[in-house]
Amino acid sequence: MIVIFEPDPPYIRWGIIKKECFSRDRIVFDAPGLKKIRRKILEKSNGEKIIFGYVLPNGGEKIDKPIKLLTEKLLARMEGCIKFLPEHNSIIYKTANYLFKEFFNARHVLFCDTSFFIGLPKKTSTYAIPYKLRKKGIRRYGGYGLMHEWAWGQARRVFGKDIKNVVSVYIGNFPNVAAIKNAIPVETTIGFTSIEGIPSLNACGDIDPTIVFQLHAQGMSFERINNLLSRESGLNCLSDKACEVLRYHIVRYIGAFISVLGGVDAIVFTTDNFEANKNFILRICHFLDCLGFKSKIKNNKSGAIILNSGKSKIKSLCLHYNKWKILSEKAINLVDKEV
């Protein structure tokens, strides 16, 4: 049985994968909630071996690999990462710390959603701020690295090993784009946190930072401003213009990232629901016609949806990202290698 956790303040979410069965749930994160999770896991496991997985949203520069077996030493490093995204990281750290002790004989795996981007070029990761702040960890960390790394691998699997330059586009609650060259990320829309970059459903995306101080001067507390920009803004504030604004930003970043890569072999769209987002994705593809992109939807035997025709200069596909399934497979593979 595999149990994977991810933070969703003020909740903790988890998915349980047991043979062919899958269930997921969420609960308000607190001490009684952790005890309730423990009871549910014991009930579900019926004594069988358990693999636990924990998704850390931001590992700073302390967690250098996307997936690792969790140890006491690594737990201590997790605790040092709380400062990078306090609300989210503290939830997943406390969950891992509690269950690591309660199920000491089980295997525990740490996933880190920023580690894929830890080697971003300095020109990409560096903000134009005093160097002493950079030394304190203020830099662009990226995000959704577990998904983008998987998307890169899928592009190579579907189109072949000649694929080198990939633009990976996630269409979901936090839309974002990454540029990947020979398996190494060179650019991303996400910065210090996922608030930077493309507007999401509830977060503002790129804005002039002086807006924060303007709001503060008008009497808002910094806590209130943080809540306003990260939970009460975004596409939900734009009504009928939301799709147009979102599409514009995605196309803008795709174009910029193609330039950064010096050309592109494949554009990969990843979404939780292709049918719901099909027309939106195809509209983005239409804006790429000037680059020699020709769209045509067809299903690939591997389950991917090919978006380009045979005459297109750019290959493209759309993938369904089943996070729980993919992470559970990664956890099993890691544990098997260690046995």
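We now turn to the structure provided with this report. Note that the structure is a prediction, hence the values are computed from the model and not measured.

Before going further, it helps to examine the overall build of the chain. In terms of helices and strands, the chain carries 11 helices and 13 strands. Across the 339 residues that make up the chain, the buried fraction comes to 49%. Sequence-distant contacts, at least 24 apart, represent 65% of the contacts inside the chain between residues at least 6 apart. Surface exposure of the chain reaches about 17,300 Å², of which carbon and sulfur atoms provide 53%.

All right, on to the pairing of strand β1 (residues 2-8) then. For β1, a buried count of six out of seven residues is recorded, marking the element as mostly surrounded by other parts of the structure. Hairpin connection of β1 to strand β2 (residues 11-18): two residues between the antiparallel strands. The sheet contact formed by β1 and strand β4 (residues 51-56) spans four bridges and is parallel. Residue pairing for β4: Ile2 is matched across the bridge by Ile51.

Time to look at the environment of Ile225. Note that Ile225 resides in helix α8 (residues 222-231). The class for Ile225 is buried, based on a relative accessible area of 2%. With near-sequence residues (within four places) excluded, Ile225 lies in contact with Val212, Leu215, His216 and Met220.

Below, the discussion takes up the packing of helix α1 (residues 31-45) against helix α3 (residues 86-102). Contact pair α1 / α3: the axes reach a minimum separation of 11 Å and the direction vectors enclose 45 degrees. For the element pair α1 / α3, the angle class is oblique. In terms of crossing hand, the pair formed by α1 and α3 is right-handed. The segment α1 lies against α3, with Leu34, Lys35 and Arg38 engaging Lys94, Thr95, Tyr98 and Glu102. Split into classes, the residues belonging to the contact of α1 with α3 amount to two nonpolar, one polar and four charged.

Glancing now at the sheet that holds strand β11 (residues 295-299). Taking strand neighbours across the sheet as the criterion, the seven strands line up as β9-β8-β7-β10-β13-β12-β11 in an open arrangement whose pairing is mixed. One side of each edge strand has no neighbouring strand; the edge strands of this open sheet are β9 (184-188) and β11. Looking at each pair of strands side by side, their axes are set apart by 25 degrees on average, direction ignored. Bridge count between strand β8 (residues 176-181) and β9: four bridges; the pairing is antiparallel. Bridging from a neighbouring strand, Ile180 pairs with Pro185 of β9.

Orientation of helix α7 (residues 210-217) relative to α8, taken along the N-to-C sense of each, is 130 degrees, at an axis distance of 10 Å. Classified by the interaxial angle, the pair formed by α7 and α8 is oblique. Read as a crossing pair, α7 and α8 show a hand that is right-handed. In this structure, α7 contributes Val212, Leu215 and His216 to the contact, and α8 contributes Phe222, Ile225, Leu228 and Leu229. For the contact of α7 with α8, a count of residues per class yields six nonpolar, one polar and no charged.

This paragraph deals with the sheet that holds β2. In space, the six strands of this open sheet follow the order β3-β2-β1-β4-β6-β5, with mixed pairing throughout. In this open sheet, the two strands that pair with only one neighbour each are β3 (21-28) and β5 (67-69). For this sheet the average axis-to-axis angle between neighbouring strands, irrespective of direction, equals 20 degrees. Judged from the six bridges that link them, β4 and strand β6 (residues 107-112) form a sheet pairing that is parallel. When the bridges of β6 are listed, Val55 appears paired with Phe111. The strands touched by helix α2 (residues 72-80) are β4, β5 and β6; relative to β5, the strand with the most contacts, the crossing angle is about 135 degrees.

Conventions adopted
- Residues numbered from 1 in each chain as written.
- Predicted model: local features only at pLDDT ≥ 70, side-chain atom pairs only at ≥ 80, totals over all residues.
- Heavy atoms only, no water.
- Helix = DSSP H or I, 4+ residues; strand = E, 2+ residues; numbered from the N terminus.
- Buried < 20%, exposed > 50% of the residue type's maximum accessible area, 1.4 Å probe, protein only.
- Contact = heavy atoms within 4.5 Å.
- Areas by Shrake-Rupley, 256 points an atom, 1.4 Å probe, with all protein chains shown as cover.
- Pairing = 2+ DSSP bridges.
- Axes fitted to C-alpha atoms, helices over the stretch in contact; angles between N-to-C directions.
- Parallel < 35°, antiparallel > 145°, perpendicular 65-115°, else oblique.
- Left-handed = near helix turned anticlockwise from the far one by under 90°.
- Nonpolar A, V, L, I, M, F, W, Y, C, P; charged D, E, K, R; others polar.

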